[in-house]
Structure formats: structure tokens, C-alpha cells
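Summary of the model geometry
Okay, here's what each chain looks like letter by letter:
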Amino acid sequence: MMPSSHPIREAFRAPLRYALGPSQIVEHSDGLLAVDETGRIAACDDYETLFPRLPKDCVIHDFRNFWIIPGFVDCHTHLPQLDCRNKNGLTLLDWLAKYIYPAETQFADPHVARNIAPRFYDELLSHGITTAAIYSTVHFEATDIAFQVAKEKGLRAIIGQVLMDQNAPQSLLKSHLQLMNETEKLIAKWHGLEKRLFYAVTPRFALTCSRALLDDAGKLAHEAKCYFQTHLAETQQEVTQAKEIHSFKNYADFYEARHALTSRSLFAHGIYLEDSELKILSDHHAAIAHCPTSNVFLKSGTMPLAKIEQHGIRCGLGSDIGAGPTFSMRQIADCACEVHPQTIMDQSKAFYMATLGGAEALSMSNQIGNFAEGKWADFCLFDNSDSAGKAKKVFVSGQCIFKAS
Ligand code: GUN
Ligand code: FE
């Protein structure tokens, strides 16, 4: 008998691979992943060891032509930027002004949101991403649609309506009271739904948010026990302007004073932070989303991964679509290996960061990230010879939610 208290429905036979830590990768060349009827992992072991212990009526799916790995976790991406990739030649602030803000303005029209959201999720899923932390736009309805479509597609997602009340085109600005009001409604409707959908209070970054807005955002995330996500110290120019606008000494103190540093706070980039700031982030158990392909594309700089690790800060990988050009976690992992020295980054660690490390950064590692018994059976099938990093099939909570055509 298996230790799981729920009957085992199905098991998946294939070579299996998952991470237990940055340099601890487990492989079963002929493995078996058993899933109970609630969609959680009942057991994972060598086929030979596990098969005799399964109930006689358990359905075995034979996927021995593929590898089964945990679903990837994308810790930072932008739904409205799906069609804004590869806009070359500018650095962050000019790129936002020229390409991104005009594209996001289109989301005032719900038809645009309805067109792009399903295509965006299909891209995530076709690359084996089963969990993602996503920015919508400043639009309430478009954000509601982003949740609705995520629900229909069946993936795990943390989503937030972007908050901006200054320093952006007028068409993308709202009063902080309206933004908070809309955010509260979305939290009430979506946060925690089906244990798969979660809300992130999402101030875009310090330049486009007043102190009053950030104060309310920090407070609301805390009170509603939801996530808080924003961009932090992505370029030197951004840091300089943020200091001028908000008259702060450093970013970490500033967000600490907004009560925005918790274990559910997720900061994208974190390239230009001083040691004292990393200590503050670490003291509050805040996490960082590392977006190497985006940092290369916008020439933002190289994230100081060694220092971030020395401070014990949880750190996952993000595609950062559309500054990042690719949804492929395989390509993002390869990029991480290219930009960081061999001594601190290798393929094992990159695989860990794309799965369990990402789950840790999102405070979900007791639920997802590897094939430990009791976690959700979120996994994907890959053909190892496919360098594009496309998944053949994708499962969330044991249900197949995507098949390559
Ligand atoms: N900083 C503020 N907004 C954005 C965005 O949309 N993308 C990236 N990469 N950085 C940002
Ligand atoms: Fe981003």
C-alpha cells in the first residue's frame, strides 16, 4: 500500500528529473510518477521499485520516449507585452516610453485583452511553464480577463493589475484611490481561487508610483495576505531618478517603510542594490526574480547573483516578456549560464532555479517545484533533442492542460 491517503488514479512512466536543491538533481532513467485522485504526487521512484506497490487498477501512461520534469516556474513576466518582443536599440526608460506604454494603452479595449490573453498562456504552457507571476496593465477589465482566461486554461498564476499614478502617459494613469479600489475588488474575486490563482499587488516601479500609492499598495498586500510585486533597481538611471523623485537614501529602506517587504514580496531584477539593501531584503525574506535574457536584451547589466546568494535571498528565473525575447526556460537557463561565472552558475543550478528555486521564490515550494510526495502533480513532457524547449504535454494537478499540436 502507498502512504498516500487518497486512491492512486494514474502513474506516468518515463525518465524523470527534478531538483532537491541548487546542486542536487535526482534522475530516474526509468521512473514512475504516481498521482493520487486529488492531483497530488503519491510517489516518485524507479519503475521497478514503485510499480509492484501500485493498485492493480492504476492506469500506467507510457512516456518512455520523453523526459518528465516539474513544470517550470516563471517568476516574472508581462502578459500585455506578448507582441512587443525584439524591439531593439533602446534602454529601459526609452524602451518603455516608445514601445511598451503604447502597447499597454491598447488594453483599455477588452477585445485586445481577450485576444492576447489566451495566446500568452498558450506560449507559457507550450514551453512547459505551469506557474507564472504575471503583470497585467493598469486596466481593471483587462486584468479580470487575464484571471478569467488563466482559470479556463488551468495553469497556476499570480496576477496583478499594474499600478501607476505618475510619470507615464496620461492614458495609463489613474488616481491612487481608484487603483486601490479596483485592486481590492480583484483580490476579493480572485485571490486564492481554486488554490491556483493568486493576486499580486503590482506597482509597476517607483518612478510611476506616488508615495501615497506605494503606501497603500504595501498595506493592502499585507492586510489581504497576497503577493506584492514590482521592478527594482533594474538600471542605474532608474535608481538615480527614483532617488530624485522620492528623496530616499536607498530603495530597500524606502520599501521597508512602505511595509512592502514580506516573504510574499517579489522584486524583479535587483541589479543595482548595495550590500546593506540586500541585507534588508534578506531580513524580511523578500525574493528576487532574476531575468537574464531581459537584462541582456535591454543591456541593463548583470545581476550580482553571488552577492544575492550570500545574503540567502530566494531567487527564481523570469522570462520578463517582452524585454525578454523568449518563453523558453531552457534558453533562459542557458543565458544565466552564459552571463554568470561557472563558479556560481551551471546547468544544475539553472534547472533548480527554473523549478524548485522559482517555487521557493514564490513561497510555493511546499506545493510545487519538484516530485516530493504530497505536492501538486505539475509536470511536463519534453523531447530532449528539442533545443527550442517546447513541451509535448503539460499537466497541472495531474490534469493534462496542454498538448503540442
Ligand atoms: N520597469 C518598469 N516597467 C517595466 C517593464 O514593463 N519591463 C521591464 N523589464 N522593466 C520595467
Ligand atoms: Fe518586467
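Scroll up a little and you will see the structure.
The following refers to the structure shown. (Residues numbered from 1 in each chain as written. Chains lettered and ligands numbered in written order. Predicted model: local features only at pLDDT ≥ 70, side-chain atom pairs only at ≥ 80, totals over all residues. Heavy atoms only, no water.)

1. Digging into unusual backbone geometry
- At the junction of Ile321 and Gly322, the peptide bond is cis and its omega measures out at 0° in the coordinates.
- You will see that His269, though not glycine, has its phi angle at about 85°, which is positive.
- As for its placement among the helices and strands, His269 is situated in strand 12 (residues 265-269).
- A positive phi is found at His285, a non-glycine position, where the angle reads about 60°.
- As for its placement among the helices and strands, His285 is situated in the loop between helix 9 (275-283) and strand 13 (287-290). (Helix = DSSP H or I, 4+ residues; strand = E, 2+ residues; numbered from the N terminus.)

2. Remarks on the site of ligand 1
- In the neighbourhood of ligand 1, the contacting residues comprise His78, Gln81, Leu92, Trp95, Leu96, Arg204, Phe205, His231, Glu234, His269, Asp320 and Ala323.
- The side chain of Glu234 places a nitrogen or oxygen atom 2.6 Å from a nitrogen atom of ligand 1.
- At 3 residues, helix 2 (residues 92-105) tops the list of elements feeding residues into the shell around ligand 1.
- The residue inventory of the shell around ligand 1, partitioned by class, reads 5 nonpolar, 4 polar and 3 charged. (Near = heavy atom within 4 Å. Polar contact = N/O pair within 3.5 Å; in protein donor to acceptor, adjacent residues only side chain to side chain. Nonpolar A, V, L, I, M, F, W, Y, C, P; charged D, E, K, R; others polar.)

3. Re the pattern of salt bridges
- Tallying each qualifying case throughout the model produces 16 salt bridges.
- The shortest N-O distance in the salt bridge between Lys349 and Glu309 comes to 2.8 Å. Here Lys349, found in helix 13 (residues 347-354), pairs with Glu309, found in helix 11 (residues 305-310); they are 40 residues apart in sequence, far enough to count as distant.
- Among the residues examined, Lys349 registers a relative accessible area of 13% and is labelled buried. (Salt bridge = Lys/Arg side-chain N within 4 Å of Asp/Glu carboxyl O. Buried < 20%, exposed > 50% of the residue type's maximum accessible area, 1.4 Å probe, protein only.)

4. Some thoughts on the environment of Ser300
- Summarising the element assignment, Ser300 is placed in the loop between helix 10 (292-297) and helix 11.
- Its relative accessible area of 4% is what places Ser300 among the buried residues.
- Expressed as a C-alpha distance, the spacing of Ser300 and Glu234, which sit 66 residues apart in the sequence, is 6.4 Å.
- The contact partners of Ser300, leaving out residues within four places of it in the chain, are Glu234, Thr235, Ile271, Tyr272 and Asn295. (Contact = heavy atoms within 4.5 Å.)

5. Considering the coordination of the iron ion (ligand 2)
- Protein ligation of the iron ion (ligand 2) involves His76 (NE2), His78 (NE2), His231 (NE2) and Asp320 (OD), the donor distances falling in the range 2.0 to 2.2 Å.
- What the 4 donor atoms of the iron ion (ligand 2) show is an angle range of 92 to 173° at the metal, which sorts the shape as irregular.
- Donor residues for the iron ion (ligand 2), ordered by position in the chain, follow H-x1-H-x152-H-x88-D.
- On the accessibility criterion, His76 (2% relative accessible area) is buried. (Donors = N, O, S within 2.8 Å, 3.2 Å for Na, K, Ca; no water. Tetrahedral: all angles 85-135°; square planar, octahedral: opposite > 155°, others 65-115°.)

6. Section: the nonpolar core
- Tyr121, Tyr251 and Tyr255 are the most contacted members of the largest nonpolar core, which has 107 residues in total.
- Once residues within four sequence positions are removed from consideration, Tyr255 is found in contact with Phe205, Ala206, Leu214, Phe228, Thr230, Leu232, Ala260, Leu261 and Phe267. (Core = buried A, V, L, I, M, F, W, Y, C linked by side-chain atoms within 4.5 Å.)

7. Re the packing of helix 12 (residues 329-339) against helix 13
- The geometry of helix 12 relative to helix 13 is characterised by a closest axis approach of 9 Å and an angle of 135° between their N-to-C directions. Relative to helix 13, helix 12 is oriented oblique. As for how helix 12 packs across helix 13, the hand of that crossing is right-handed. Each of Met329, Ala333, Asp334 and Cys337 in helix 12 lies in contact with helix 13, whose residues at this interface are Gln347, Ala350 and Ala354.
- Taken together, the residues that form the contact of helix 12 with helix 13 break down as 5 nonpolar, 1 polar and 1 charged. (Axes fitted to C-alpha atoms, helices over the stretch in contact; angles between N-to-C directions. Parallel < 35°, antiparallel > 145°, perpendicular 65-115°, else oblique. Left-handed = near helix turned anticlockwise from the far one by under 90°.)

Remember that the coordinates give geometry; whether it matters functionally is a separate question.
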